[in-house]
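Observations on the three-dimensional arrangement
Each chain, letter by letter, is given below.
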Amino acid sequence: MASAVDAAGDPIPTSAVLTASSKHIGLRCQAENVAFLKCKKNDPNPEKCLDKGQQVTRCVLGLLKDLHQRCTKEMDAYVGCMYYHTNEFDLCRKEQQAFEKSCPLE
């Protein structure tokens, strides 16, 4: 796994990228996620929550792009480790620490 973005600079949200970024996603996209979950809970019609789902997707993709721009080397190393070790956090703690030091949780 060479990079978390494609040639155009757009994030590639693979499972390794999403897992490595999960703490950041949970913090930065919390409002969008809560609004989506509330919508799903209040209305069983999936069409009613499409806009909320798009807001979550937009937030996550924007965050991934931002993280990759701010700490490219550390994110790529962490994502590469997660990819290689099938998303096993315990096997990638060194890379996780470097990533979280370079791009601290806000």
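Note that the structure is a prediction, hence the values are computed from the model and not measured. (Residues numbered from 1 in each chain as written. Predicted model: local features only at pLDDT ≥ 70, side-chain atom pairs only at ≥ 80, totals over all residues. Heavy atoms only, no water.)

Notes on unusual backbone geometry
The phi angle at Thr86 is positive, at roughly 50 degrees, despite the residue not being glycine. Note on placement: Thr86 falls in the loop between helix H5 (72–84) and helix H6 (93–102). Classification of Thr86 as exposed rests on a relative accessible area of 63%. Here Asn87, not a glycine, exhibits a phi torsion of approximately 60 degrees, which is positive. Residue position: Asn87 is located in the loop between H5 and H6. (Helix = DSSP H or I, 4+ residues; strand = E, 2+ residues; numbered from the N terminus. Buried < 20%, exposed > 50% of the residue type's maximum accessible area, 1.4 Å probe, protein only.)

Remarks on the pattern of salt bridges
The full count for this structure, using the stated rule, is four salt bridges. Across the salt bridge formed by Glu100 and Lys23, the nearest N and O atoms sit 3.3 Å from each other. In this pair, Glu100 sits in helix H6 while Lys23 sits in helix H2 (residues 22–28), placing the two residues 77 residues apart along the sequence. By relative accessible area, Lys23 is classed as partly exposed at 41%. Note that Asp90 and Arg93 form a salt bridge whose closest N and O atoms lie 3.0 Å from each other. Looking at Asp90, the relative accessible area reads 60%, which means it is exposed. In the salt-bridge network here, residues are joined through shared partners; they are Arg28, Asp66 and Arg70. (Salt bridge = Lys/Arg side-chain N within 4 Å of Asp/Glu carboxyl O.)

Remarks on the packing of aromatic side chains
Evaluated as defined, the whole model comprises one aromatic pair. With centroids separated by 5.6 Å and ring planes inclined at 40 degrees, the aromatic side chains of Tyr78 and Phe99 adopt a geometry described as tilted. Residue Tyr78 is found in helix H5, and its partner Phe99 is found in helix H6; the two are separated by 21 residues along the sequence. Comparing Tyr78 with Phe99 shows no difference in burial state: the two are buried. (Phe/Tyr/Trp six-rings, centres within 6.5 Å; stacked < 30°, edge-to-face > 60°.)

Some remarks on the side chain of Gln96
Its location among the elements puts Gln96 in helix H6. Taking relative accessible area as the criterion, Gln96 reaches 6% and is therefore assigned buried. Looking at Gln96, its side chain comes within polar contact range of the side chain of Arg93, at 2.6 Å. Not counting residues within four places of it along the chain, the set of residues in contact with Gln96 comprises Lys23 and Tyr78. (Polar contact = N/O pair within 3.5 Å; in protein donor to acceptor, adjacent residues only side chain to side chain. Contact = heavy atoms within 4.5 Å.)

Some words on the packing of helix H3 (residues 30–42) against helix H4 (residues 50–70)
Where H3 meets H4, the closest approach of the two axes is 9 Å, and the angle between their N-to-C directions is 160 degrees. Here H3 lies roughly antiparallel to H4, going by the angle between them. Between H3 and H4 lies a crossing of left-handed hand. Along the contact surface, H3 presents Glu32, Asn33, Ala35, Phe36 and Cys39, while H4 presents Lys52, Gly53, Gln55, Val56 and Cys59. (Axes fitted to C-alpha atoms, helices over the stretch in contact; angles between N-to-C directions. Parallel < 35°, antiparallel > 145°, perpendicular 65-115°, else oblique. Left-handed = near helix turned anticlockwise from the far one by under 90°.)

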